[in-house]
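These are the residues of each chain, in order.
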Amino acid sequence: MPQADAITEYVLKVHSRCDLRCDHCYVYVHRDQTWIDRPKVIDPAVAHRVAERIAEHARAHRLHRVRVVLHGGEPLLLGPRRLDALLTDLRATVSPAAALDLVLQSNGVQLTEELCGIFVRHRVRVGISLDGDAEANDRHRRFGTGASSHAAVLRALELLRRPEFRPAYGGILCTVDVANDPIRVYTALLAERPPRIDFLLPHATWDDPPPRPMSTVDDRTPYARWLLRIYRRWLQDGRPVPVRLFDSLRSTAVGGPSQTESVGLDPVALVVIETDGAWEQADSLKTAFHGAAGTGMSVWTHSLDEVAAHPDIAARRDGAAELCATCRACPVVRQCGGGLRAHRYRTGSGFDNPSVYCADLEELIRSMRGEPEVSTGSATMAPGPELDARLDDLAAGPGSADTAWWLLEQGQLYAKALLLDVVGSLPLPAPLAEAWQLLNELGETAPDAFAQVLRQPWLRPWLLSCLPDAGAHADLGYLAALTGAAAVHAGVTAELWVPVRDGRVHLPGLGSAVTGPAAGGATLRVTPDGFTVTAPGSPAVAVHRGRPGEQPGWLPVRHAGPDEWPVLLDDLDALRDCQDWPVADRLGDEAARAWDDRLRGAWTVLTREAPDYLPALRGAVHTVVPLRDDPAGEHRSATQREAFAAVGLAAADGAATAVLLVHELQHVKLGALLDLCDLTEPDNLTTVTVPWREDERPVDAALQGLYAHLAVADLWRRRSGAAAAGNYRRYRAWVSAAADALLRTSALTGAGTRFVAGMQAAVDGWPAPDP
Ligand code: SF4
Ligand code: SF4
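**Q** Account for the overall build of the protein, naming residues and giving values.
**A** Helices and strands together make up the secondary structure of the protein, namely 25 helices and 23 strands. Its C-alpha atoms put the protein at 85 × 75 × 50 Å along the principal axes. Classification of the 771 residues of the protein by burial places 58% in the buried group. The contacts in the protein between residues at least 6 apart in sequence include a share of 69% that link residues at least 24 apart. Counting only carbon and sulfur atoms, one obtains 53% of the accessible surface of the protein, whose full area is about 31,000 Å². Of the side chains in the protein, 78 bear a positive and 97 a negative charge, and the two mean positions are spaced by 3 Å.

Written as structure tokens, this is what we have:
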């Protein structure tokens, strides 16, 4: 079974009863009532068998990381002694097989200092349920006596905010009730200074629809309007805290992953373990019908491979394929994903329906796309737990897929703000003003096509060349070329002027039409079927959609690399020539095929040797620029700080290309990180000695080299043989020496110090090289 079919997230029910009687609880109040027959408390033998099953599965599938969420009922009812023992056993059994993320989801009422101490010690992040201020929270979250739980929950959050317990503060989970004022709810949640907030739509199905206010004209989508009020305020506030639902919809809008099974098409690789050891599907299904989450399997009788093969669990990995026809044809399905599976249920048709929140989800997604962004500008991310977590993740070496996509998303927001600022202030002649208007319209009507423009690595270098103080002669015609490419992606009907440069009309990311010289430019006509480029005195170049490859007069930007990591092989765009090493000219077919083989080979090498770098590579590198070979035979590679997601590579074999790729991947990630926070003090002139150069290096350059060499050392340490051992020893020593040198300066900011110390800790944690 390949890793894609493995289970990586486990919801472990450790106590099946609760000290609250929330009237919106899907465990006790909704259709499923299986809790009545479950043991109240998980037996340690069951918990140990669960841990063994997880470890066995992680080893079999070479999983690097798994997540276990302790859940209930109310997991704190297990008490400190039994929780401590259970966590000790989980860590001892699972950690040798895979890194273990431990999370606990609680109502917080029973949280004590002793428990917080246990959670810090076992590195457990605790999520607390809170629906807003006292009035909002008490609407549902009460004790059996009817008494309010609000004060007890605030006490729990106060404990988690204490510096010694802060590492255990995972965030707040808020169930939406449209009867509450959204801004008051948002403000109340923010006041608890959580590291993360998540909003959950109340569980409902077509049989038991969610509460909706008495009908007025606007009441078709009350949940969308409620969430949008918070979304707008959150944007105005500069996104002071990650909000999982919003972050997921923003990430999926640009092709990134979702952080929640509530939205998006990412495969769901989750199982629940009940207190009696029964393997179950996602808990939320309990809202649908009695026994909806059951699989008939148990930790005593069935392995996780068998659970993963259960048809209903396997179906969750199918993305859009498991959705109904309406969802599959829906223009926002990539972001919505049909919502939470439980919310699609209707007696008779089962789960083969859109979500009962369909209208709300569609409006939320469409309206979020149209919201003006608050420019993130440069180095604007505030210090705090979110930034710390990203820095720690990146400093470990590969960085997670989530962080790579987050960097991409932030990069696109930055590019969008820059595009609006720069082009909005340019005096544009008539044909370019029309192109700008069309591009803005596409931003509204075809956001996916517009996002393709924002993903263009050459967009930012071009925008910067347009700034008045750039000292460069900007080619303003590139704006029309970008707009033309967006129109082609959108498949709209449009006609616009495009520039001819060196006898070609280039559409960034798509290819070049060979027209011959035409000083006055050419006309691009786009239809849903394709496009035509017409220049005076030359035959028209017609390109039909759906017919990939070269057509007469058309040089496409080729696609290369494996299915898991498709990249553009850009040997055409004039702006690609911004690397430290000269770029190669247009490749012949044979040379292009060699590049495809080379990138596939590098992917295979990394899959074998360093699979934890692959998610970041997929997220952060989308374009490869072939460079010229070095006549001296040196391996050459390059990145350009502003050209996010592009790397330049000269030809090398698969193993060497793998090393060059991880080296450049680090530069790409670090460049994007530097857009968000300062790692070095501005205007400092400090230089340091680094082992890989004879001259003293500015701290920024030393930091770039350090981060790149960290990954290279990491790669060599995983290879065998004398040469690998020597390289590992050399690069590891370089990283240690450079980190040490940087930490001795006063040129690093707090974030920079954390980042460099994180790298130092990463290499310190690796095995000592053979002498
Ligand atoms: S705290 Fe959670 S488990 Fe307990 S009754 Fe409320 S919603 Fe249900
Ligand atoms: S918006 Fe509605 S139709 Fe579209 S994917 Fe979501 S639930 Fe399905």
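**Q** Pulling in residues and values, what's your account of the pattern of salt bridges?
**A** Enumeration over the complete set of coordinates arrives at 47 salt bridges. For Arg 341, the salt bridge identified is with Glu 322, shortest N-O distance 3.0 Å. With a gap of 19 residues between them, Arg 341 in the loop between helix H12 (333–336) and helix H13 (358–370) and Glu 322 in the loop between helix H10 (311–315) and helix H11 (325–328) connect regions that are remote in the sequence. The class for Arg 341 is buried, based on a relative accessible area of 10%. Residue classification places Glu 322 among the buried residues on the basis of a relative accessible area of 18%. One salt bridge connects Arg 460 with Asp 675, and the closest N-O pair in it is separated by 2.9 Å. Here the residue Arg 460 occupies a position in helix H18 (residues 459–466), and Asp 675 occupies one in helix H22 (residues 654–676), the gap between them amounting to 215 residues. By relative accessible area, which is 5% here, Arg 460 ends up buried. Connected through shared salt-bridge partners, Lys 13, Arg 38, Glu 274, Asp 276, Glu 280, Asp 283 and Lys 286 make up one network.

**Q** Could you give an account of the sheet that holds strand E18 (residues 567–569), naming the residues involved and the relevant values?
**A** Within a sheet, neighbouring strands are paired by backbone hydrogen bonds and run either parallel or antiparallel to one another. Across the sheet, which stays open at both edges, the five strands sit in the order E17-E18-E19-E21-E20 with mixed pairing between neighbours. Edge positions in the sheet fall to strand E17 (558–560) and strand E20 (637–638), since each has one partner strand and no second. Note that strand E19 (residues 623–626) and strand E21 (residues 646–649) share four bridges and pair parallel. Bridge pairing in E21 links Val 624 to Val 647. Packing of helix H20 (residues 589–609) onto the sheet brings it into contact with E17, E18, E19 and E21, and relative to E17 it is tilted by some 30°.

**Q** If you had to explain the packing of aromatic side chains to someone new, which residues and values would you point to?
**A** To describe a pair of aromatic rings, you give the distance between the ring centres and the angle between the ring planes. Inspection of every chain in the model, using the stated rule, returns 16 aromatic pairs. Measuring from ring centre to ring centre gives 6.4 Å for Tyr 728 and Trp 766, while their planes differ by 45°; the resulting arrangement is tilted. A residue pair is termed long-range when its members are at least 10 positions apart, and Tyr 728 in helix H24 (residues 722–744) and Trp 766 in the segment after helix H25 (750–764) qualify at 38 residues. Taken as a pair, Tyr 728 and Trp 766 share a single burial class, namely buried. These aromatic residues form a ring-pair network of at least three members: Phe 199, Trp 226, Tyr 231, Trp 234 and Phe 246. The lysine or arginine in question, Arg 341, covers the ring of Phe 351, its NZ or CZ lying 4.3 Å from the ring centre. Arg 719 extends its terminal NZ or CZ atom over the ring of Trp 716, reaching a point 4.8 Å from the ring centre.

**Q** Let's hear about the site of ligand 2: which residues, and what values?
**A** With respect to spatial proximity, the complete set of residues near ligand 2 consists of Cys 327, Cys 330, Val 332, Val 333, Cys 336, Gly 338, Pro 354, Ser 355, Cys 358 and Glu 362. Class assignment for the residues of the shell around ligand 2 results in seven nonpolar, two polar and one charged.

**Q** Residue-level account of H22, with values.
**A** In this model, H22 (23 residues) spans 33 Å end to end at C-alpha, consistent with the 33 Å of a helix rising 1.5 Å per residue. In terms of burial, H22 is largely enclosed, as 21 of its 23 residues are buried.

**Q** I'd like a rundown of the confidence of the model for the protein, residues and numbers included.
**A** A residue-level look at the protein finds 95% of positions with pLDDT of 70 or above and a mean pLDDT of 89. Low pLDDT, under 50, characterises residues 374–379; the predicted model gives this stretch 15 contacts beyond four residues in sequence or across chains.

**Q** Explain the sheet that holds strand E13 (residues 522–527) residue by residue, including any values.
**A** Pairing in this open sheet of four strands is antiparallel, and the strands run E10-E13-E14-E15 from one edge to the other. Where the open sheet ends on each side, the last strands, each with one partner, are strand E10 (494–498) and strand E15 (541–544). Neighbour-to-neighbour, the strand axes of the sheet open up by a mean angle of 15°, direction not taken into account. Helix-sheet contacts for helix H19 (residues 478–490) involve E10, E13 and strand E14 (530–534), and the interaxial angle to E10 is about 155°.

**Q** Tell me what's going on with H20, and back it up with residues and numbers.
**A** For H20, built from 21 residues, the straight-helix expectation of 30 Å at 1.5 Å per residue is met to within 8% by its first-to-last C-alpha distance of 30 Å. Inspection of H20 places Ala 592, Trp 595, Asp 596, Arg 598, Leu 599, Ala 602, Trp 603, Val 605, Leu 606 and Glu 609 among the buried residues, and these make up the whole buried set.

**Q** I'd like to hear about the packing of helix H7 (residues 222–236) against H13, residue by residue, with values.
**A** Running from N to C, H7 and H13 cross one another at 30°; their axes reach a closest spacing of 7 Å. The angle between the axes of H7 and H13 places the two elements in the roughly parallel class. Handedness of the crossing formed by H7 with H13: right-handed. Residue-level inspection shows Pro 222, Tyr 223, Ala 224, Arg 225, Leu 227, Leu 228 and Tyr 231 of H7 in contact with H13, the latter providing Asp 360, Glu 363, Leu 364, Ser 367 and Met 368. Here the residues of the contact of H7 with H13 are counted per class, giving eight nonpolar, one polar and three charged.

**Q** Just give me the short version of the packing of helix H16 (residues 430–445) against helix H17 (residues 447–454), but keep the residues and values in it.
**A** One can describe the packing of H16 onto H17 by two numbers: an axis separation of 6 Å at closest approach and a directional angle of 125°. Looking at the two axes, H16 sits oblique to H17. Where H16 approaches H17, its residues Leu 439, Leu 442, Gly 443, Glu 444 and Thr 445 are matched on the opposing element by Pro 447, Phe 450 and Val 453.

**Q** Now, about unusual backbone geometry: what can you tell me, with residues and values included?
**A** Looking along the chain, the bond that leaves Gly 72 and enters Gly 73 is cis, with omega of 20°. Note that Gly 73 resides in the loop between strand E2 (65–71) and helix H2 (80–94). Its identity as a non-glycine residue notwithstanding, Arg 62 has a phi of 50°, on the positive side. In this structure Arg 62 comes out as exposed when scored by relative accessible area, which is 58%. Of note in the backbone geometry, Asp 502 takes a positive phi value of approximately 50° without being a glycine. Its location among the elements puts Asp 502 in the loop between E10 and strand E11 (504–507). Taking relative accessible area as the criterion, Asp 502 reaches 81% and is therefore assigned exposed.

**Q** Could you give me a rundown of the side chain of Glu 192, with the residues and numbers involved?
**A** Inspection of the secondary structure assignment puts Glu 192 in the loop between helix H6 (182–191) and strand E6 (197–200). You can call Glu 192 buried: its relative accessible area is 9%.

**Q** Before we move on, can you summarise the nonpolar core with the specific residues and values?
**A** If you look at the biggest cluster of nonpolar residues, it comprises 99 residues, and the most contacted ones within it are Leu 12, Leu 70, Leu 90, Phe 119 and Phe 199. Looking at this core, the element that brings in the most residues is H7, giving nine residues. Not counting the four nearest positions on each side in its chain, Leu 12 is found in contact with Ile 42, Val 50, Val 68, Val 69, Leu 70, His 71, Leu 86, Leu 90 and Ile 273. With 79 residues, the next largest nonpolar core counts Trp 565, Trp 595, Ala 610 and Val 712 among its residues.

**Q** Lay out the pairing of strand E7 (residues 270–273) in plain terms, naming residues and giving numbers.
**A** Neither face of E7 is open: one carries Leu 270 and Val 272, the other Val 271 and Ile 273, and all of them are buried. When strand E1 (residues 9–13) meets E7, the two strands line up parallel, connected through four bridges. Its bridge partner lying in E7, Glu 9 is registered against Leu 270. Across two bridges, the pairing between E7 and strand E8 (residues 278–280) is antiparallel. Each residue of the ladder has a partner; that of Val 272, found in E8, is Glu 280. The turn linking E7 back onto E8 is made up of four residues, and Gly 277 within it adopts a positive phi angle of 90°.

Rules and cut-offs
Residues numbered from 1 in each chain as written. Chains lettered and ligands numbered in written order. Predicted model: local features only at pLDDT ≥ 70, side-chain atom pairs only at ≥ 80, totals over all residues. Heavy atoms only, no water. Helix = DSSP H or I, 4+ residues; strand = E, 2+ residues; numbered from the N terminus. Buried < 20%, exposed > 50% of the residue type's maximum accessible area, 1.4 Å probe, protein only. Contact = heavy atoms within 4.5 Å. Areas by Shrake-Rupley, 256 points an atom, 1.4 Å probe, with all protein chains shown as cover. Lys, Arg positive; Asp, Glu negative; His and termini not counted. Charge placed at Lys NZ, Arg CZ, Asp CG, Glu CD. Salt bridge = Lys/Arg side-chain N within 4 Å of Asp/Glu carboxyl O. Pairing = 2+ DSSP bridges. Axes fitted to C-alpha atoms, helices over the stretch in contact; angles between N-to-C directions. Phe/Tyr/Trp six-rings, centres within 6.5 Å; stacked < 30°, edge-to-face > 60°. Lys NZ or Arg CZ within 6 Å of the ring centre and 35° of its normal. Near = heavy atom within 4 Å. Nonpolar A, V, L, I, M, F, W, Y, C, P; charged D, E, K, R; others polar. Expected span 1.5 Å × (residues − 1). pLDDT = per-residue confidence, 0-100. Parallel < 35°, antiparallel > 145°, perpendicular 65-115°, else oblique. Left-handed = near helix turned anticlockwise from the far one by under 90°. Core = buried A, V, L, I, M, F, W, Y, C linked by side-chain atoms within 4.5 Å.

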